[in-house]
Amino acid sequence: MVIQSVKMAMDSIMSNKLRSFLTMLGMIIGVMSLVILVSIVNGATKSVTDSIANIGTNMLAVNIKDDKDEPLSLDEIEELIDYDSVKNVAPYSTGSATAKYERTSESISLYGTTGAYYDIKGLSLERGRFIKNADVEGSTFVAVINQTAAQELFGQTHVVGETISLNGYRFTVIGVLEEEESTKGNVSERLEAYIPFTALSKITGNTRNVSSLYISSADEESMDAVENEITKFLYQRFSYDSDAFSITNSSTIMEAMSSVNDTMKWMLGGIAAISLLVGGIGIMNIMLVSVTERTREIGIRKAIGARKKTILMQFLIEALLVSVMGCLIGILLSAATVAGINRFVDSLSASMSVDIVMIAMGFSAFIGVVFGIYPAYKAANKPPIEALRYSN
Amino acid sequence: MIELDNLCKTYEIGGDEVHALDHASLKIEDGEFVSIIGPSGSGKSTLMNIVGCLDVADGGDYYLDGVPIENYKEDELARIRNEKIGFVFQNFNLLSRLSAEENIELPLVYQQIHKEERKRRVDEAISRVSLERRRKHKPVELSGGQQQRVAIARALVTKPSMILADEPTGNLDSKTGDEIMELFHELHKQGNTIVLITHDEKVANQAERKVRILDGRVYEEESE
């Protein structure tokens, strides 16, 4: 019986192809907007999560905003390592300079820090070594540069032992960083040089006081303990003023980002669901027209023995088929669009999940049933005599 | 066997009561060929709707094969129509999207009969109306006479208690009409009960028994 009904529904859909297609179009557009928008948000979430995971989820960034004229000294910072849960501490300060090698001159970002920075940030070297504590103590003029800097200044990476000039000070290159995974192939990356914290103070004339630092914990679980201890320490250190400093937890950033993305997903999904709903109303509209047009057919079927349930099923299956076929076409087109976005649009990356495809299918079927039931009910309840008498 | 006992049906049209059937009584035995004749407005259609189980009477009794037809729900009436009555309409009433054989098969589909059995019975019905070469054609590709043959095959295929024909020659030219009437005679000879409703004396006279309906009342008449 169901096979018969499906066949009849198929017949009736195919007998008016243009109308069926236009009805489906509502569903196609609805499904496409749902799948594509959610895929784009998914892609964005993924890339943000990846780049945060790159930095490491067991890291705190501390900023001193008001040092109450009693700034943190380098030695004080090093003592923080005595806390059980703290693994590494690295102060940093930033600056910019003009880097020169022979005739090449480029603007470069400077990071003044200590050896611990390397571990906390999860950097990796292609050649040479990173800054050591002895370099910091002795304020040696050594620099570790990134790939872009090596390429821009030297045109190659075999540059350990070479000398570059940063704002006129001569620095020896001791290491070259590996290209970062997340910025691979990105030509606009900045030139960066890592130098001893003390060396940066010297060339920029800054104090040797610390206003920014990174702290890492042994593992993700002890993050909260570290955050508590550091907060307590800073609170006491800066005359019980909680506004004097700020602590940013990388896992907090990640949580915030993913909650923003979740909100986006629901919002866009909701908008798309509304367009699916509009598609459903289109189906209902056409089904109602079709029921009226086929009044005579319904009368004939009833005269020769079709029951209410049979007629109901026939029209319901027809509505369901239109919505599900529309949904399938929509999913195929979405898959093509998502592939197209990933291929041709650099600034977006979309990721289509099985979940959203299932949701789209389920929702379309639901809409087919909900908006198909009334027309089908109307058809099923036509009295056979009146239906037979109807002429069109 | 069909037994109508004092059937009444009243409609209200514009505040006036119209007695479409006024204590109509009639008995038709199995294997009879009965024509019911009457002018339009005589209650002919109402009688046909009630006999065809498309509608139920307000009063009186109707027994079909000894079973009283009263107060049935729509679905139960649908089952009775499906199993016991084969309709042939003036305007054929075939489903235009289905082929001749699919139209004939449809009542059996509603009976949920197995596919092989359906095919066997459709083949049989098609050969009874001599349409073997047109079975794959859609109604629009068939002449009026051929369409009416498809309709007759559809009526026959369920082996009903009666074939109820409503002006079956009304939309056909006289030659084709005669052919269809010839087919009814054949079916009658094969033992089918045929009830033919018409306003055409010439057609009505071909039946072995003629019943006249006037103002909702039934009168027996001698066939000429």
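Residues numbered from 1 in each chain as written. Chains lettered and ligands numbered in written order. Predicted model: local features only at pLDDT ≥ 70, side-chain atom pairs only at ≥ 80, totals over all residues.

1. Describing the overall build of chain A
Stage number 1. Within chain A, the regular secondary structure consists of 13 helices and eleven strands.
Stage number 2. In terms of C-alpha radius of gyration, chain A reaches 33 Å, well past the compact-globule figure of 21 Å for 392 residues.
Stage number 3. Principal-axis analysis of the C-alpha atoms gives chain A an extent of 105 × 50 × 30 Å.
Stage number 4. In chain A, which comprises 392 residues, the share counted as buried stands at 40%.
Stage number 5. For chain A, the proportion of contacts with a sequence separation of at least 24, taken over those separated by at least 6, is 82%. (Helix = DSSP H or I, 4+ residues; strand = E, 2+ residues; numbered from the N terminus. Rg over C-alpha atoms; globule rule 2.2 N^0.38 Å. Buried ≥ 20, exposed ≤ 12 C-beta atoms within 10 Å, placed from the backbone. Contact = placed C-beta atoms within 7 Å.)

2. Considerations on the domain arrangement of chain A
Stage number 1. Domain boundaries in chain A define domain 1 (2-51 + 256-389) and domain 2 (66-243).
Stage number 2. Taking the mean C-alpha position of each, domain 1 of chain A and domain 2 of chain A sit 56 Å from one another. (Domains from an automatic or database assignment.)

3. Topic: the packing of helix α11 (residues 308-344) of chain A against helix α12 (residues 354-380) of chain A
Residue and element names in this part refer to chain A.
Stage number 1. Packing of α11 against α12 leaves a shortest axis separation of 7 Å and a crossing angle of 150 degrees. With respect to α12, the axis of α11 lies roughly antiparallel. Regarding α11 and α12, the two cross each other, and that crossing is right-handed. (Axes fitted to C-alpha atoms, helices over the stretch in contact; angles between N-to-C directions. Parallel < 35°, antiparallel > 145°, perpendicular 65-115°, else oblique. Left-handed = near helix turned anticlockwise from the far one by under 90°.)

4. Topic: the confidence of the model for chain B
Stage number 1. For chain B, per-residue confidence averages 90 on the pLDDT scale, and residues scoring 70 or more make up 99% of the total.
Stage number 2. ipTM for the predicted complex: 0.92, alongside a pTM of 0.72. (pLDDT = per-residue confidence, 0-100.)

5. Overview of the interface of chain B and chain A
Stage number 1. Taken together, the contact pairs 19 residues of chain B with 17 residues of chain A.
Stage number 2. Per element, the largest residue contribution to the side of chain B that touches chain A is six residues, and it comes from helix α2 (residues 74-84) of chain B.
Stage number 3. Its residues assigned to classes, the side of chain B that touches chain A shows eight nonpolar, four polar and seven charged. (Nonpolar A, V, L, I, M, F, W, Y, C, P; charged D, E, K, R; others polar.)

6. Topic: the pairing of strand β4 (residues 59-64) of chain B
Residues and elements named next belong to chain B.
Stage number 1. Where strand β1 (residues 2-13) meets β4, five bridges bridge the pair, whose relative direction is antiparallel. Bridge assignment links Cys8 to a residue of β4, and that residue is Gly59.
Stage number 2. Counting the residues in the hairpin turn of β4 and strand β5 (residues 67-68) gives two residues, including Asp65, whose phi is positive at 55 degrees. (Pairing = 2+ DSSP bridges.)

7. Notes on the pairing of strand β8 (residues 194-198) of chain B
Residue and element names in this part refer to chain B.
Stage number 1. Within β8, five of the five residues are buried, which leaves the element mostly enclosed by the surrounding structure.
Stage number 2. Of the two faces of β8, the one holding Ile194, Leu196 and Thr198 and the one holding Val195 and Ile197 are both buried throughout.
Stage number 3. Examined bridge by bridge, strand β3 (residues 33-37) and β8 share five bridges and lie parallel to one another. Bridge pairing in β8 places Ser35 opposite Leu196.
Stage number 4. As judged from the four bridges shared by strand β7 (residues 162-166) and β8, these two strands associate in the parallel manner. The residue of β8 that forms the bridge with Asp166 is Ile197.
Stage number 5. Crossover connection from β7 via helix α6 (residues 174-189) to parallel β8: handedness right-handed. (Right-handed = clockwise from strand over helix to strand, strands pointing away.)

8. Examining the packing of helix α3 (residues 100-110) of chain B against helix α4 (residues 115-128) of chain B
Residues and elements named next belong to chain B.
Stage number 1. Where α3 contacts α4, the axes come no closer than 10 Å and their chain directions differ by 125 degrees. In terms of orientation, α3 and α4 fall into the oblique class. Handedness of the crossing formed by α3 with α4: right-handed. Listed contacts from α4 to Glu101, Ile104, Glu105 and Leu108 of α3 are Arg118, Arg121, Val122, Ala125 and Ile126.
Stage number 2. The residue inventory of the contact of α3 with α4, partitioned by class, reads five nonpolar, no polar and four charged.

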